[in-house]
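Listed here are the chains, written in short residue letters.
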Amino acid sequence: MPELPEVETVRRQLSPVLEGATITDAKIHDTRLTRPVDPRLVADALVGETIATVGRRGKYLLVRLESGRTLVVHLRMTGSLRYAPAGELPADAHRRAILRLDTGTDIAYRDVRRFGTWELLDEDHLRPYLAARLGPEPLVQSFSSAKLTRLAAGRRAPIKAFLLDQRRIAGIGNIYADEALWRARIHPRRPAGELDETELARLHRAVRAALRKGVELEGSTLREYVTPNGSAGGMQREFHAYGRLGEPCDRCGRPIERIVVGGRGTWFCPHCQRL
DNA sequence: AGGTGGACCCGAACGC
DNA sequence: TGCGTTCGGGTCCACC
């Protein structure tokens, strides 16, 4: 599942490939990708554009174009981007779009479950679009423990649901939520507003450490996700909690358990992370 | 207002 | 072996 570290990896690999290049051809095969906008409209608008920068906000990839418009890409669950010299990408039944660049590179978008989205927004719409959906970036300097405390104050939702809510903090998904809570030794069902200062300080460190580790290892490859150059991420080898039902806790040796919190599968250590 | 649960999607894993 | 069923997960939206 592409979360902040996976999308950041995509951004880092694609920015040198995309920046300064001009799109010479665009094909979008799946009407779901741009819905409700006709994919031909989006494809036509992309052709002739030069890419200024490739950014990221939360789990959104932001392809900023010289015209001032931005292609906002969300990979959702199974989306991925690949690049290769033009014509060299192998056939793919799940390819949903392809861009050709004047540099002789093809960029292919693949999405098995078709939840991903491409939206072309102009400057006036991008800011409110992101502001309505996303809280602060957890890896920036200004995201302090005090800020996390303010965000959590009065919240009755389980801390896991709080971490998954993109309007509170941007970029955390199911994997990094479980990993952060394991690191902080906090039970996923604890009401967010009831955590004390010490616990929130631990959680603050844990969220950032888990995300940074993910970025360092170029994300987690479970089924679908691969980085744009085709390599796998390495974070899945570092999981302490996620998906480890019955395996011994790396801290205390007791078996990891699985429960459902906020409708999501949740793995934790019942000894280290108590209610 | 804020929290919860279903819909969207489809391949993999599972059960008989 | 083969078929049907269940599961999952990010976000949006309807419903308490």
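Relevant structure appears above.
Residues numbered from 1 in each chain as written. Chains lettered and ligands numbered in written order. Predicted model: local features only at pLDDT ≥ 70, side-chain atom pairs only at ≥ 80, totals over all residues. Heavy atoms only, no water.

(A) Fine view of the state of the cysteines. Applying the stated rule across the entire model yields zero disulfides. Of all cysteine sulfurs, the one in Cys 252 lies closest to Cys 269, which takes part in no disulfide; the gap is 3.6 Å. With no disulfide of its own, Cys 272 has Cys 269 as its nearest cysteine by sulfur position, at a separation of 3.7 Å. Of the residues examined, Cys 272 reaches a relative accessible area of 15% and is grouped as buried. (Disulfide = S-S within 2.5 Å. Buried < 20%, exposed > 50% of the residue type's maximum accessible area, 1.4 Å probe, protein only.)

(B) Seen up close, the side chain of Thr 266. Locating Thr 266 in the fold gives a position in strand β10 (residues 264-268). At 2.9 Å, the side chain of Thr 266 and the backbone oxygen of Arg 264 are in polar contact. Contact partners of Thr 266, with chain neighbours within four places excluded, come to Lys 160, Asp 178, Pro 188, Glu 257, Arg 258, Ile 259, Val 260 and Val 261. (Helix = DSSP H or I, 4+ residues; strand = E, 2+ residues; numbered from the N terminus. Polar contact = N/O pair within 3.5 Å; in protein donor to acceptor, adjacent residues only side chain to side chain. Contact = heavy atoms within 4.5 Å.)

(C) Structural view of the protein's contact with DNA strand B. Taken together, 11 residues lie near DNA strand B, and Arg 32, Val 112, Arg 113, Arg 114 and Phe 115 sit nearest. Within 4 Å of the protein, the atoms of DNA strand B are drawn from sugar and phosphate moieties in a proportion of 71%. The side chain of Arg 32 places a nitrogen or oxygen atom 2.2 Å from a phosphate oxygen of DNA strand B. One nitrogen or oxygen atom from the side chain of Arg 113 is found 3.3 Å from a base oxygen belonging to DNA strand B. In terms of residue class, the surface near DNA strand B is made up of four nonpolar, one polar and six charged. (Near = heavy atom within 4 Å. Nonpolar A, V, L, I, M, F, W, Y, C, P; charged D, E, K, R; others polar.)

(D) Layout of the environment of Pro 5. With respect to the helices and strands, Pro 5 occurs in helix α1 (residues 4-18). Of the residues examined, Pro 5 reaches a relative accessible area of 0% and is grouped as buried. With 215 residues separating them in the primary sequence, Pro 5 and Ser 220 have C-alpha atoms 8.4 Å apart. Among residues more than four places away in sequence, those in contact with Pro 5 are Tyr 176, Leu 211, Gly 214 and Val 215.

(E) A look at the nonpolar core. Membership of the largest hydrophobic core comes to 35 residues, with the highest contact counts inside it found for Ile 159, Phe 162, Leu 163, Ile 172 and Leu 203. Looking at this core, the elements with two or more residues in it are α5 (145-152), α6 (159-164), α7 (174-184) and α8 (197-216). Look past the residues within four positions of Leu 163 in its chain and what remains in contact with it is Ile 169, Ile 172, Ala 177, Leu 181, Leu 203 and Val 207. (Core = buried A, V, L, I, M, F, W, Y, C linked by side-chain atoms within 4.5 Å.)

(F) The arrangement of unusual backbone geometry in detail. The omega torsion across Arg 35 and Pro 36 is 5°, close enough to zero to call that bond cis. Tracing the chain through its elements places Pro 36 in the loop between α2 (31-34) and α3 (39-46). For Arg 76, which is not glycine, the phi torsion reads 45° and is therefore positive. Secondary-structure assignment places Arg 76 in the loop between β4 (70-74) and β5 (79-85). With phi around 60°, Arg 114 is a residue other than glycine that occupies positive phi space. Among the secondary structure elements, Arg 114 is positioned in the loop between β7 (105-111) and β8 (117-121). For Arg 114, a relative accessible area of 34% corresponds to the partly exposed category.

(G) Summary view of the sheet that holds β4. The sheet built from four strands is open, its strands ordered β2-β3-β4-β8 with antiparallel pairing. Among the strands making up the open sheet, the edge pair consists of β2 (51-57) and β8. Along the sheet, successive strands turn relative to each other by an average axial angle of 20°, direction set aside. Note: strand β3 (residues 60-65) against β4, five bridges, orientation antiparallel. Across the sheet, residue Leu 62 finds its bridge partner in β4, namely Val 72. Each of β3, β4 and β8 touches α3; the most contacted strand, β8, lies at about 55° to it. (Pairing = 2+ DSSP bridges. Axes fitted to C-alpha atoms, helices over the stretch in contact; angles between N-to-C directions.)

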